[in-house]
Amino acid sequence: MRNNKGNRWEKHFNDYSVIDLETCGLFGEDRNRIIELSAIKVRDGLVIDEFSSLVNPKRPIPSAVIAITGIDNTMVVGAPKAEDVLNAFLDFLGDDIIVGYNINTFDYNIIYDLSELLYNRVFSNDFVDIYYAARRAICDVDNHKLTTICEKFNVDYSGAHRALKDCYLTKAAYDKIFETYGEKAFDGQVHSVDGQSGTSRREPRYSEETQQLRELQKVLFQIIEDGIVSEDEVAMLVEWMEFNSHLRGNYPFDRVYDVLEKVLEDGIVDEDELRMLLDKFTEFTSPVKTTCDDVNDIKDKHFVLTGEFSYGTRSAVSEYIVSKGGIVDDQVKKCTQFVVIGSLGSQAWKNGVYGSKIKKAMELKDKGQDIELVAEEDFFKK
């Protein structure tokens, strides 16, 4: 848990600092090996200062990274190490709002982790991740990479994938999105590190583990909402999964982890695998769906009920099942054969949390138990 990580704002500011960094890779230990670190300071919408430095990662730069960034080993051999330059970078940022592109799960977290590791210093600046605004506002693009957004707005992105250049491209995207779509590109809310909105005061309280699983659901929803899974999104998700590996043993974390592990085992993510991930992520985010046509034979079958029912109270549904010879249990267990889900759902489901009964049912189903999730409308359709 990154304690005191700054809040994510959904707003256009005039005074802020833009950050970008390049690393040795997107996954594992390579992710925290910075090779370039840059920022620009903006006041009243104008750039007034720059910070940029190559960084010696203390290991060879992978050839794939050299091909993307143009930064090779000869360029960083005499550069300062992260421990020698990061403090100056943090001082440059001061207390500014931080603006970046897809920084919520990458750049920001790397800076947070390294500043804590190297200096025991907490990086807690509030920030704006333009990626969310781009996805909310822009629908007529193939993907939401920074270069794609710049191309849409006729911004010259030659020289992209160098940190300082990407800072300027990020500022251009920030301004163009605001100029074109206005405040509707931003939801106007402040999102705390656990994903809950700062303007909402009526959301239920969840355990830390449930909050993190809820955040995973939101990440998956954001990935699939445009019907495309990109390599950048896979990288973002891998980073999130690695940081939250303590969630192993929970649905849908294990399902997501297993499918990502299979896709990444050869180090290449091809188009077929991206399409497969879209199908799987869609399945994982919609566990409340019928997995069988109907339940014709109720007698001697074990049922568990969850949610609110159009048919009537949960007691009324239970009485109906018992009248047909079925057995209604309070909790999902090894003998459970059907979980019937009320069509009205619940307040928790509206917030992306599917409840302990559905979660337990999906975990048992993954382990091979013959258990089905049945929507109320299908249960009563016969």
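Another point: a negative patch on the surface. Negative charge collects at one region of the surface, where Glu231, Asp232, Asp258, Glu261, Glu265, Asp266, Asp270 and Glu271 lie side by side. When contributions to the negative patch are tallied by element, the ones reaching two or more residues are α9 (231–243) and α10 (253–264). For Glu231, the location among the structural elements is in helix α9.

Turning to the packing of aromatic side chains, a few remarks are in order. The tally for this structure, following the rule as stated, stands at 13 aromatic pairs. A ring pair is formed by Trp9 and Phe13, whose centres lie 5.5 Å apart and whose planes are at 80°; its orientation type is edge-to-face. According to the relative accessible area criterion, Trp9 is partly exposed, its value standing at 25%. Phe13 sits in the buried class, given a relative accessible area of 14%. When the ring of Tyr174 is compared with that of Phe186, the centres are 6.2 Å apart and the planes differ by 85°; the resulting orientation is edge-to-face.

The next subject is the pattern of salt bridges. Counting across every chain of the model gives 12 salt bridges. Note that Arg8 and Glu10 form a salt bridge whose closest N and O atoms lie 2.7 Å from each other. Note on Arg8: relative accessible area 10%, which makes it buried. As a salt-bridge pair, Asp175 and Lys171 come within 2.6 Å of each other at their nearest N and O atoms. With Asp175 and Lys171 both in helix α7 (residues 163–181), this residue pair falls 4 residues apart, about one helical turn. An identical accessibility class is assigned to Asp175 and Lys171; each is buried.

Another aspect to go through is the packing of α10 against helix α11 (residues 271–285). Relative orientation of the contacting elements α10 and α11 amounts to 175°, with a least axis distance of 11 Å. Here α10 is positioned roughly antiparallel relative to α11, judged by the angle of their axes. Across the interface between the two elements, Arg255, Val256, Val259, Leu260 and Val263 of α10 pack against Glu273, Met276, Leu277, Lys280, Phe281, Glu283 and Phe284 of α11. Looking at the contact of α10 with α11 residue by residue, the classes come out as 8 nonpolar, no polar and 4 charged.

Turning our attention to the environment of Glu363. In this structure, Glu363 sits in helix α14 (residues 355–366). Taking the relative accessible area as the measure of exposure, Glu363 reaches 18% and is therefore buried. Along the sequence, Glu363 and Asn250 sit 113 residues apart, while their C-alpha atoms lie 7.4 Å from each other. Beyond its immediate sequence surroundings of up to four residues, Glu363 is in contact with Gly249, Asn250 and Tyr251.

We now examine unusual backbone geometry. Phi at Asp44 is positive, roughly 55°, even though this residue is not glycine. Along the polypeptide, Asp44 turns up in the loop between β3 (34–43) and β4 (46–54). Look at Asp44 and you get exposed, because its relative accessible area is 62%.

We now examine α10. Taking 1.5 Å per residue, 12 residues should reach 16 Å; α10 reaches 16 Å between its end C-alpha atoms and fits that length. All buried positions along α10 are accounted for by Phe253, Arg255, Val256, Val259, Leu260 and Val263. Axial view of α10: buried residues confined to an arc of 165°, hence all on one face.

About the thresholds
Residues numbered from 1 in each chain as written. Predicted model: local features only at pLDDT ≥ 70, side-chain atom pairs only at ≥ 80, totals over all residues. Heavy atoms only, no water. Patch = residues over 30% accessible without salt bridge, like charges linked within 9 Å, V, L, I, M, F, W, Y side chains within 5 Å. Areas by Shrake-Rupley, 256 points an atom, 1.4 Å probe, with all protein chains shown as cover. Salt bridge = Lys/Arg side-chain N within 4 Å of Asp/Glu carboxyl O. Lys, Arg positive; Asp, Glu negative; His and termini not counted. Charge placed at Lys NZ, Arg CZ, Asp CG, Glu CD. Helix = DSSP H or I, 4+ residues; strand = E, 2+ residues; numbered from the N terminus. Phe/Tyr/Trp six-rings, centres within 6.5 Å; stacked < 30°, edge-to-face > 60°. Buried < 20%, exposed > 50% of the residue type's maximum accessible area, 1.4 Å probe, protein only. Axes fitted to C-alpha atoms, helices over the stretch in contact; angles between N-to-C directions. Parallel < 35°, antiparallel > 145°, perpendicular 65-115°, else oblique. Contact = heavy atoms within 4.5 Å. Nonpolar A, V, L, I, M, F, W, Y, C, P; charged D, E, K, R; others polar. Expected span 1.5 Å × (residues − 1). Arc of directions from axis to C-beta.

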